[in-house]
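Listed below, chain by chain, are the residues.
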Amino acid sequence: MNIHMLSRSPLLPRQSQSMILSSLRSSSSPGCKLAGVQMFSKVCPPQRSMDLLNLPAICHFRVRCNSNLVGSDGAKSRPKTTRAQLPIPLTQLTEARVIYCAAPAMGHNQEGHPECNSRVPAILEALEKAELTSKDQSSTILKIDNYEPASQYDVAAVHSRSYVEGLEKIMVEAKKEGLLFLEGTGPTYATSTTYDEAMVAAGACLSLVDSVVAASQVTLSPPVGFALIRPPGHHAVPKGPMGFCVFGNVAVAARYAQRVHGLQRVFIIDFDVHHGNGTHDAFYEDPNIFFLSTHQAGSYPGTGKMEEVGSGAGEGTSLNFPLPGGSGDEAMSAVFQEVIVPAAQRFKPDIILVSAGYDAHVLDPLASLQFTTGTYYRLSYEIKQLAQDLCGGRCVFFLEGGYDLKSLSYSVVDTFRAFLGEKSHANRFDNPAILYDEPSVSVRKAIDWVKAIHSL
């Protein structure tokens, strides 16, 4: 398999953002065929290409790799280990109601691209204005800063080792060439800092899993974790990047929860407007990880059909709910009560992980659903309660999409309020006048169909 180098790409002018948005709105987007010949396509002169699979393996494992566990590409994996230590004393964790990490990846940026380095800072600024930070509520809200990046071993539990090591290797070339365009993966890019910053993002996720699990061992009401990270992850397939995503953060966290903490049954909820095809593919044959996605029907990358329910031992543990265009708060409320809750109750998870995409908001430019800030408040509150009822409160959110900075930041702030049990401020931001009637008949048909497929 001849896999080519990433290629140099010029900075995007502002007007080219419309081309990116158009490609992601298209229902005919074929997605990325990374299992085929090209993972990184090259548009610069061919003499500069290089075969990533023939690069020497460079592994930076923190402990000796002598386990019988098997990674995503069949290689033996490192034994079960915990990370060095909890970044926050356990006594503080047990008193907290929200813990979060921020990994803004400031070096991973492309001018004019919707997945830009302004996203996490916008959220942090909104949290500060709302006085919902560790500085304002030091006992109930904790921010983890001193966490370790993920290792190649951690990420290779989901992604092929050739991809992980190859991406690290071409960072040297990225420093020379500047911005690199990952052709064939949706409009995904890389800079010289992408590898390191993606590892930091994944490490933040693992640190939150450690902290939430540790707290759950000594209290019945552990804090909810939220990884405010980028680049996002749910489109990244086992063999490479896709759709703005580099490493599958929630998938890496799921495998880590199983391996390190013995939480074998992981329930993943993905409410991003786009189907989380990377997470879906990683666990399609796994009976111990239930992947449930709500996404806009016909949106990028064109995957996530209702009939895709898993295969082999994993049959029945993938549930896809394509929402009709125009679906909003009423639709999502019905889906949660009639589909998500009974599916989770039947699965009996040990932990709930959430791919939290805020691009289903009515103001977001990449799709045409009608979620509001109030939708995200109720959804977050209900997921927290579901985790409390089913798995000792163990629940971690992972930031995925959300490209209108105001609706993204307001919605994440209201998510924090939901975790804290505070009253929503959605009515200060949401404008009911811009909403239109939801496709209730189509939604009802879809709910009935999914319930029939999964015997809910």
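Residues numbered from 1 in each chain as written. Predicted model: local features only at pLDDT ≥ 70, side-chain atom pairs only at ≥ 80, totals over all residues. Heavy atoms only, no water.

S.K.: How would you summarise the side chain of serine 299 if you had to cite specific residues and measurements?
M.R.: Its place among the elements puts serine 299 in the loop between β8 (289-296) and β9 (318-323). One polar contact links the side chain of serine 299 to the main-chain carbonyl oxygen of valine 273, over a distance of 3.4 Å. (Helix = DSSP H or I, 4+ residues; strand = E, 2+ residues; numbered from the N terminus. Polar contact = N/O pair within 3.5 Å; in protein donor to acceptor, adjacent residues only side chain to side chain.)

S.K.: Please set out the sheet that holds strand β10 (residues 351-356) residue by residue, giving values where relevant.
M.R.: The strand order β3-β2-β6-β11-β10-β7-β8-β9 describes an open sheet built from 8 strands, whose pairing is parallel. What marks the edges here is a single partner per strand, and that holds for β3 (141-143) and β9. Each strand axis lies, on average, 15° off the axis of its neighbour in the sheet, ignoring direction. Both strand β2 (residues 98-103) and β3 contribute to a ladder of 3 bridges, which runs parallel. Within β3, the position partnered with valine 98 by the bridge is isoleucine 141. Packing of helix α3 (residues 119-129) onto the sheet brings it into contact with β2, β6 (224-229) and β11 (395-399), and relative to β6 it is tilted by some 135°. Here helix α10 (residues 329-347) sits on the sheet in contact with β7 (266-270), β8 and β9, set at roughly 170° to β8. (Pairing = 2+ DSSP bridges. Axes fitted to C-alpha atoms, helices over the stretch in contact; angles between N-to-C directions. Contact = heavy atoms within 4.5 Å.)

S.K.: Tell me what's going on with the confidence of the model for the protein chain, and back it up with residues and numbers.
M.R.: On average, residues of the protein chain score 85 in pLDDT, and 80% of them are at 70 or above. Scored below 50 in pLDDT, residues 25-70 shows 131 contacts in the model against residues more than four places distant or in partner chains. Between residues 74-79, whose pLDDT stays under 50, and residues either more than four places distant or in other chains, the model counts 30 contacts. (pLDDT = per-residue confidence, 0-100.)

S.K.: Go over the pattern of salt bridges with me, naming the residues and quoting the values.
M.R.: Under the defined criterion, the tally for this structure stands at 11 salt bridges. Here arginine 255 and aspartate 286 are joined by a salt bridge, their closest N and O atoms 2.8 Å apart. With arginine 255 in helix α8 (residues 249-261) and aspartate 286 in the loop between α9 (277-282) and β8, this pair connects stretches of sequence that are 31 residues apart. One network of salt bridges, in which partners are shared, links Glu338, Arg444, Asp448 and Lys451. (Salt bridge = Lys/Arg side-chain N within 4 Å of Asp/Glu carboxyl O.)

S.K.: Now, about the packing of aromatic side chains: what can you tell me, with residues and values included?
M.R.: Overall, the coordinates contain 18 aromatic pairs when judged by the stated rule. Aromatic pair phenylalanine 397 and phenylalanine 419: ring centres 4.9 Å apart, planes at 75°, arrangement edge-to-face. Taken as a pair, phenylalanine 397 in strand β11 and phenylalanine 419 in helix α12 (residues 405-420) lie far apart in primary sequence, 22 residues in all. Both residues of the pair, phenylalanine 397 and phenylalanine 419, belong to the buried class. On the numbers, 6.5 Å between centres and 35° between planes, the contact of phenylalanine 416 with phenylalanine 419 is tilted. Placement of the pair is phenylalanine 416 and phenylalanine 419 together in helix α12, with a separation of 3 residues, close to one helical turn. Taking NZ or CZ as reference, arginine 265 lies 4.0 Å from the ring centre of phenylalanine 347, over its face. (Phe/Tyr/Trp six-rings, centres within 6.5 Å; stacked < 30°, edge-to-face > 60°. Buried < 20%, exposed > 50% of the residue type's maximum accessible area, 1.4 Å probe, protein only. Lys NZ or Arg CZ within 6 Å of the ring centre and 35° of its normal.)

S.K.: Can you lay out the packing of helix α11 (residues 373-390) against α12 for me, pointing to particular residues and giving the numbers?
M.R.: At a closest axis distance of 8 Å, the pairing of α11 and α12 adopts a crossing angle of 35°. Crossing geometry of α11 relative to α12 is assigned as right-handed. Of the residues in α12, those in contact with Thr373, Tyr376, Tyr377, Ser380, Tyr381 and Lys384 of α11 are Tyr410, Ser411, Asp414, Thr415, Arg417, Ala418 and Phe419. (Left-handed = near helix turned anticlockwise from the far one by under 90°.)

S.K.: Mind laying out α10, listing which residues take part and the relevant values?
M.R.: If you check α10, its first and last C-alpha atoms are 25 Å apart, about what 19 residues at 1.5 Å a residue would give, namely 27 Å. In the structure, α10 departs most strongly from a straight axis at phenylalanine 336, where the bend amounts to approximately 40°. Among all positions of α10, only Ala331, Met332, Val335, Phe336, Val339, Ile340, Val341, Ala343, Ala344 and Phe347 are buried. Positive phi appears at lysine 348, one or two residues downstream of α10, with a value of about 60°. (Expected span 1.5 Å × (residues − 1). Bend = angle between axes of the 7 residues up to and from the residue.)

S.K.: Describe the environment of phenylalanine 347, and please don't skip the residues or the numbers.
M.R.: With respect to the secondary-structure elements, phenylalanine 347 resides in helix α10. Assessed through its relative accessible area of 5%, phenylalanine 347 is described here as buried.

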